[in-house]
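Coordinates in review
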Amino acid sequence: MTEDEALLVERPDPCDPAGEPHPDETQVADSPPHAAWSIDDLTVTEGVTLAEAVAQEERQLLGALAAWATGSAAVGAATWVVGARTGRPRAVDFGRQTLVWAVVDGVIALVGAVRFARASRGPDAECGRAAVRRGTRLRRSLAVNAALDVGYLATGTTLLANPRGRLAGRRGDGLAVVLQGAFLLAQDVRYAVRLGRLLP
C-alpha cells in the first residue's frame, strides 16, 4: 500500500462515533485510491470526500441559478421598459414574464443557499453516509423538477403557437417561458447526471 492509499484508508468517517475508518463512504464512489479523475468541469482528486464533492455540486447549482435569476431580472426589466416606451406589447409581455421568473428563481436560490449554509455547519457536514442521503434527495428533486420543466416548455410552445381565444397574442410570454424552461431543464438534467456519477 502506498502512502497516499494509507492516508485515504485511515481517514475516519465523522459519522462513526468510534472514529473507525469507512473508506467506502468517505472516498468518492468508485474512484481509484490515488488517482485524479474529472466529472465535466469538476475535478475530484485524492483525499476529496464524497461529502465535499456533493457540497461542491450543490454550491455550483445554486450559483448557476442565482446568476441566471440576476441576468433574467436585468433582461426582463430592460425589455419591459423598452417595450412600453416603443409600444411593443410582445416585448412588454416577454419582459414581464421574464422578470416574474427571475424573482421566483432568485427566491429558490436564496432559500437553497440558506439551507446549504445550515447543512454545511451541521454535525453531519463531513459525514459520508449523510452525503449519500443528501445527494440522493437532491438528485430526486432535480428529476422531479426536470419533469416540470418539460411542462413549462410545452406551455410556452402552446403560447408561441398563438392560439385563438384568450391565449391569443401571448407569444411574448410564450418565448419567455420556453427560454426559462429550456435553461432549467438543461441545469436539472446536468446536475442530476453529475450527482448520479458521484453517488454509490
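**Some points on the overall build of the chain**
- Check the secondary structure of the chain and you find six helices and two strands.
- Ordering the α and β elements of the chain from the N terminus gives α-α-β-β-α-α-α-α.
- Taken across its 200 residues, the chain has 35% of its residues classed as buried.
- Excluding contacts between residues fewer than 6 apart, the proportion of contacts in the chain whose partners are at least 24 apart in sequence is 65%.
- For the chain, the accessible area works out to roughly 11200 Å², and carbon and sulfur atoms hold 60% of it.

**A look at a nonpolar patch on the surface**
- A surface patch of nonpolar side chains, about 240 Å² in accessible area, is lined by Val-100, Val-104 and Ile-108.
- Along the polypeptide, Ile-108 turns up in helix α4 (residues 89–121).
- What makes Ile-108 partly exposed here is its relative accessible area of 47%.

**Things to note about the nonpolar core**
- Counting residues in each nonpolar core, the largest one holds 13 residues, and the members touching the most others are Leu-50, Val-54, Leu-61, Leu-138, Leu-142 and Leu-195.
- Elements supplying a minimum of two residues to this core: α3 (50–86), α5 (128–160) and α6 (171–198).
- Examining the composition of this core, we find that five residues originate from one element, α3, more than from any other.
- Leave out the neighbours within four places in its chain, and Leu-142 touches Leu-61, Asp-188, Tyr-191, Ala-192 and Leu-195.
- Counting six residues, the second largest nonpolar core, distinct from the first, contains Trp-101, Ala-109, Phe-183 and Leu-184.

**Examining the packing of aromatic side chains**
- Scanning the entire structure with this criterion turns up two aromatic pairs.
- A centroid spacing of 3.9 Å and a plane angle of 5 degrees characterise the contact between Trp-68 and Phe-183, whose relative ring orientation is stacked. With a gap of 115 residues between them, Trp-68 in helix α3 and Phe-183 in helix α6 connect regions that are remote in the sequence.
- Ring geometry for Trp-101 against Tyr-152: centres 5.1 Å apart, planes inclined by 80 degrees, an arrangement best described as edge-to-face. Within this pair, whereas Trp-101 is found in helix α4, its partner Tyr-152 is found in helix α5, the two being separated by 51 residues in sequence.
- Taking the relative accessible area as the measure of exposure, Trp-101 reaches 13% and is therefore buried.
- On the basis of relative accessible area, Tyr-152 is assigned to the partly exposed category, the value being 30%.

**Points about the pattern of salt bridges**
- In the structure shown here, the tally under the stated rule is five salt bridges.
- Asp-173 serves as the salt-bridge partner of Arg-170, at 2.8 Å between the closest nitrogen and oxygen.
- We classify Asp-173 as buried; its relative accessible area is 1%.
- Where salt bridges share partners, they join Asp-93, Arg-96, Arg-170 and Asp-173 into one cluster.

**Regarding the side chain of Asp-105**
- Looking at where Asp-105 falls in the secondary structure, it is placed in helix α4.
- An unpaired buried charge is present at Asp-105: no salt bridge exists, and Arg-115, the closest side chain of opposite charge, is 14 Å distant.

**A look at α5**
- A rise of 1.5 Å per residue sets the reference length of α5, with its 33 residues, at 48 Å; its end C-alpha atoms lie 47 Å apart and thus fit the reference within 8%.
- All of the buried residues in α5 are Gly-128, Ala-130, Ala-131, Arg-134, Gly-135, Leu-138, Leu-142, Ala-146, Asp-149, Gly-156 and Leu-159.
- Where α5 terminates, the next one or two residues include Asn-162, which has phi positive at roughly 55 degrees.

Reading guide: rules and limits
- Residues numbered from 1 in each chain as written.
- Predicted model: local features only at pLDDT ≥ 70, side-chain atom pairs only at ≥ 80, totals over all residues.
- Heavy atoms only, no water.
- Helix = DSSP H or I, 4+ residues; strand = E, 2+ residues; numbered from the N terminus.
- Buried < 20%, exposed > 50% of the residue type's maximum accessible area, 1.4 Å probe, protein only.
- Contact = heavy atoms within 4.5 Å.
- Areas by Shrake-Rupley, 256 points an atom, 1.4 Å probe, with all protein chains shown as cover.
- Patch = residues over 30% accessible without salt bridge, like charges linked within 9 Å, V, L, I, M, F, W, Y side chains within 5 Å.
- Salt bridge = Lys/Arg side-chain N within 4 Å of Asp/Glu carboxyl O.
- Core = buried A, V, L, I, M, F, W, Y, C linked by side-chain atoms within 4.5 Å.
- Phe/Tyr/Trp six-rings, centres within 6.5 Å; stacked < 30°, edge-to-face > 60°.
- Lys, Arg positive; Asp, Glu negative; His and termini not counted.
- Expected span 1.5 Å × (residues − 1).

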